[in-house]
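Examining the three-dimensional arrangement
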Amino acid sequence: MKRRNFVLGRRLTILILVLLMIIGTSFAQGVEVPGSNKELNGNTSISIDAVPELSLTDNPAVWNQGYTIACGKANSCSKKAKRFAKKERFIDALGYAAKTFKYKPRKRAEKRALQVLTNENYARAQKEFEKNLRDNPDIPEYIDWTSTKGMFYRMWFANRFNVVNGMLQQMVHPKVKITVNPVDHHMLGKLAGTLSSYRKYSANDYYQGGVYFLKHANGDKQQLKRAAMSFLISDYYVTNFKDAKTQYESAKEKATSSVSIAPAKQNISYSISVSLDEEISSIILNMRGFKQLPFVELSANSQSDYIVRMVIDEIEHNALGASKNKEEFSGVIKDENGNEITKTATLITNEKANITRCKITYNVIERKSKKQLYGGVVREEYRWSTIWSNYSGELSVIPRKKRKYIDRKPDRSPTKKVLFQRVVSMCAPSIAHNLYNNFIRNIGAAPIN
């Protein structure tokens, strides 16, 4: 009888896992409205009052994850099992303890796992599961997307306990004699079916929300962003729902703002050959945060929505000249006859340096209105120096850390043109990060409501 129950339980576990995988797949476009016999179609519109109920941040991309027991070795599995038991998370503890035996554990890992795999802990796990169900009650009627989320979590907790039960049933160990009480298979099947239906309802709600935002956008980028995200989330609930992907790409293109960075103008008496605009663009494009902004792009097109203009206002070069530092050292050494004698040395360290400074002003201009939306000033300083040393007397009495410039020859200072290019390039990271943090991130981020 136990073998039969195990086989049935395993088959149902596989069925539930398959259902969880296909819940988000494609469904027919006709979706039954909760509490109605009518079907949703392309003409169904969402009411204005319903639009604020759509969350653009709390969606399946955030909370739709399967249950996994993440450990790759018996030792780590048993340690996690023990930690979960201490935290009174007995379902996870039993799962990790059971997985320990998949890796042929040594005595210490086996002992840790066996300490968890007891009927007492299983009884605690059952109480934990009952609390999970109370905290995530059955939702008999669909209201909005929160109904789908609530049913997902109820399904998630039920499936978690079902998975752990299956692992315990498969265990064969003389010291493990846990009597498993399987999850109600009828409840699991009903949950899977209800969740599948609720996902379709939410997919349609978000699709109609996208239609609404798109219809009322009138060129407003924020409304277009809401439309794009609504279509995208619709596809999160049900993969390939209607033409949500196509609608998302279309709305996203309209919602995306383009930014171009113009070459820097030079309000100075020198002509400097430096691609400051390219350096700034490269830094921004390689920022990890920039890759996560769906609604902004950098462009070389002068007809971009926003243009960053820069002016090199000031550059100055100061030669600091040469300086000398004289140091005297003495120490006792042994001569060729082994006699201790005192020796001295003189070290002269020379330094020649210059400082180059610059100031760059930058502004973000909205192309259509010609308004300045953001701006700032960056100042940088580049110091060049060359150091060399000469000594006289006994080298060995000079500390080793003081000898590194001995026998060096002074370097020739770069030309002013090179120094100017270097100090201007030093401004690129500051300008790039200021633009990103105070402007680009704001216009490119997805809406939070």
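Residues numbered from 1 in each chain as written. Predicted model: local features only at pLDDT ≥ 70, side-chain atom pairs only at ≥ 80, totals over all residues. Heavy atoms only, no water.

1. A word on the overall build of the protein chain
So the rule is basically this: Going along the chain from the N terminus, every DSSP run of H or I of four or more residues is numbered as a helix, and every run of E of two or more is numbered as a strand. We call a residue buried when its accessible area falls under 20% of the maximum for its residue type, exposed when it is over 50%, and partly exposed in between, using a 1.4 Å probe and counting protein chains only. Should any heavy atoms of two residues lie within 4.5 Å, those residues are considered in contact. Note on areas: these come from Shrake-Rupley sampling with a 1.4 Å probe, and a residue is covered only by the protein chains present in the view.
Counting secondary structure elements, the protein chain contains 13 helices and eight strands. Here the protein chain holds 449 residues, and the buried ones make up 43% of them. For the protein chain, contacts bridging at least 24 residues in sequence account for 76% of all contacts bridging at least 6. As presented, the protein chain carries roughly 25,400 Å² of accessible surface, and 48% of it is formed by carbon and sulfur atoms.

2. As for the state of the cysteines
Here is the rule: A pair of sulfur atoms, both from cysteines and within 2.5 Å, is called a disulfide here.
Within this structure, the stated rule accounts for one disulfide. Across a sulfur-sulfur distance of 2.0 Å, Cys 71 and Cys 77 are joined as a disulfide pair. Where Cys 71 bonds to Cys 77 through sulfur, the torsion about that S-S bond is close to 95°, and the disulfide is right-handed. In this pair, the class of Cys 71 matches that of Cys 77, namely buried. With no disulfide of its own, Cys 358 has Cys 427 as its nearest cysteine by sulfur position, at a separation of 3.4 Å. Judged by its relative accessible area of 5%, Cys 358 falls in the buried class.

3. Concerning the pairing of strand β6 (residues 306-334)
Applicable threshold: A pair of strands is labelled paired if DSSP reports no fewer than 2 bridges between them.
With three bridges connecting them, strand β3 (residues 257-261) and β6 associate as parallel partners. Looking across to β6, one finds that Val 259 is bridged to Tyr 306. In this structure, strand β4 (residues 265-266) lies alongside β6, joined through two bridges in parallel fashion. By the bridge assignment, Gln 266 is partnered in β6 with Ile 312. One ladder, built from 27 bridges, connects β6 with strand β7 (residues 340-366); its direction is antiparallel. Bridge pairing in β7 places Lys 324 opposite Asn 350. Connecting β6 to the antiparallel partner β7 that follows it, the hairpin turn spans five residues, and Gly 338 within it adopts a positive phi of roughly 85°.

4. A few points about the nonpolar core
For soluble globular proteins, the rule of thumb is that nonpolar side chains tend to be buried together. Stated formally: As used here, the term nonpolar core means buried Ala, Val, Leu, Ile, Met, Phe, Trp, Tyr and Cys residues forming a set that is joined through side-chain atoms within 4.5 Å.
With 69 residues, the main nonpolar core has Leu 94, Leu 117, Phe 129, Leu 168, Ile 178 and Tyr 237 as its most contacted residues. Breaking this core down by element, the ones donating at least two residues are α3 (74-86), α4 (90-100), α5 (107-116), α6 (119-135), α7 (145-170), α8 (185-215), α9 (221-237) and α10 (244-255). At 12 residues, the largest contribution of residues to this core is made by α8. In this structure, Leu 94 is in contact with Val 116, Leu 117, Asn 121, Tyr 122, Ala 125, Val 164, Leu 168 and Ile 178, ignoring residues within four places of it in sequence.

5. As for the pattern of salt bridges
The condition that has to hold: Whenever a carboxyl oxygen of Asp or Glu lies within 4 Å of a side-chain nitrogen of Lys or Arg, that contact is scored as a salt bridge.
On inspection of all chains with the given rule, the structure shows 11 salt bridges. The network of salt bridges with common partners includes Arg 89, Asp 92, Glu 128 and Arg 160.

6. Description of the pairing of strand β8 (residues 372-393)
Alignment of β7 against β8, held across 21 bridges, turns out to be antiparallel. Paired with Glu 351 across the strands is Ile 387, a residue of β8. If you look at the hairpin formed by β7 and β8, you'll find five residues sitting between the two strands, and Lys 370 has a positive phi there, around 65°.

7. Digging into unusual backbone geometry
Although it is not a glycine, Lys 104 adopts a positive phi angle of roughly 50°. You can see Lys 104 is positioned in the loop between α4 and α5. You can call Lys 104 exposed: its relative accessible area is 76%. Residues other than glycine seldom take positive phi values, yet Lys 370 does so here, at roughly 65°.

8. Quick word on a positive patch on the surface
The following threshold applies: Patch building starts from residues that exceed 30% relative accessible area and form no salt bridge, then joins like charges within 9 Å and nonpolar side chains (Val, Leu, Ile, Met, Phe, Trp, Tyr) within 5 Å. Residues counted as positive are Lys and Arg, residues counted as negative are Asp and Glu, and His and the chain ends are not counted. Positions of charges follow a simple convention, taking NZ of Lys, CZ of Arg, CG of Asp or CD of Glu.
A cluster of basic residues, Lys 79, Arg 83, Lys 87 and Arg 108, forms a positive patch at the surface. Position of Lys 87 relative to the elements: it lies in the loop between α3 and α4. Taking the relative accessible area as the measure of exposure, Lys 87 reaches 56% and is therefore exposed.

9. Considerations on the confidence of the model for the protein chain
Under the convention used in this document: Confidence scores per residue from the predictor, reported as pLDDT, run from 0 to 100.
Of the residues in the protein chain, 88% reach a pLDDT of 70 or more, and the chain-wide mean stands at 88. Mean pLDDT per element in the protein chain: strand β1 (residues 31-32) is the minimum at 32, and α4 is the maximum at 98. Low pLDDT, under 50, characterises residues 1-49; the predicted model gives this stretch 66 contacts beyond four residues in sequence or across chains.

10. Remarks on helix α12 (residues 416-425)
Using the following cut-off: Of all possible arcs, the one meant is that of the directions from the helix axis to the C-beta atoms.
Of the residues making up α12, those classed as buried are Leu 419, Phe 420, Val 423 and Val 424. Here the buried residues of α12 occupy an arc of 130° about the axis, which is enough to place them on one side. If you follow the buried residues of α12, they end up packed against α11 (276-285), β6, β7, β8 and α13 (427-444).

11. A few points about the environment of Ile 360
Relative to the assigned elements, Ile 360 resides in strand β7. On the basis of relative accessible area, Ile 360 is assigned to the buried category, the value being 0%. C-alpha separation for the pair Ile 360 and Ile 315, spaced 45 residues apart in sequence, amounts to 9.2 Å. Excluding its chain neighbours within four sequence positions, the residues that come into contact with Ile 360 are Leu 276, Met 310, Val 311, Ile 312, Asp 313, Gly 376, Val 377, Val 378, Val 424, Cys 427 and Ile 431.

12. Side note on the packing of α3 against α4
Rule in force here: Geometry is summarised by axes, namely lines fitted to C-alpha atoms with helices restricted to the contacting stretch, and by angles between N-to-C directions that run from 0 to 180 degrees. We call two directions roughly parallel when the angle between them is under 35 degrees, roughly antiparallel when it is over 145, roughly perpendicular when it lies between 65 and 115, and oblique otherwise. Handedness of each helix crossing follows the sense of rotation of the near helix against the far helix: counterclockwise by less than a right angle gives left-handed, clockwise gives right-handed. Each residue is assigned to one of three groups, with Ala, Val, Leu, Ile, Met, Phe, Trp, Tyr, Cys and Pro labelled nonpolar, Asp, Glu, Lys and Arg labelled charged, and all others, Gly among them, labelled polar.
In the contact formed by α3 and α4, the axes pass within 8 Å of each other and the chain directions differ by 160°. As summarised for this structure, α3 and α4 are arranged roughly antiparallel, according to the angle between their axes. Once α3 is placed against α4, the crossing between them reads as left-handed. Packed against α3, whose contacting residues are Ala 74, Cys 77, Ser 78, Lys 80, Ala 81, Phe 84 and Ala 85, the element α4 presents Phe 90, Asp 92, Ala 93, Tyr 96, Ala 97, Lys 99 and Thr 100 at the interface. For the contact of α3 with α4, the residue count by class is nine nonpolar, two polar and three charged.

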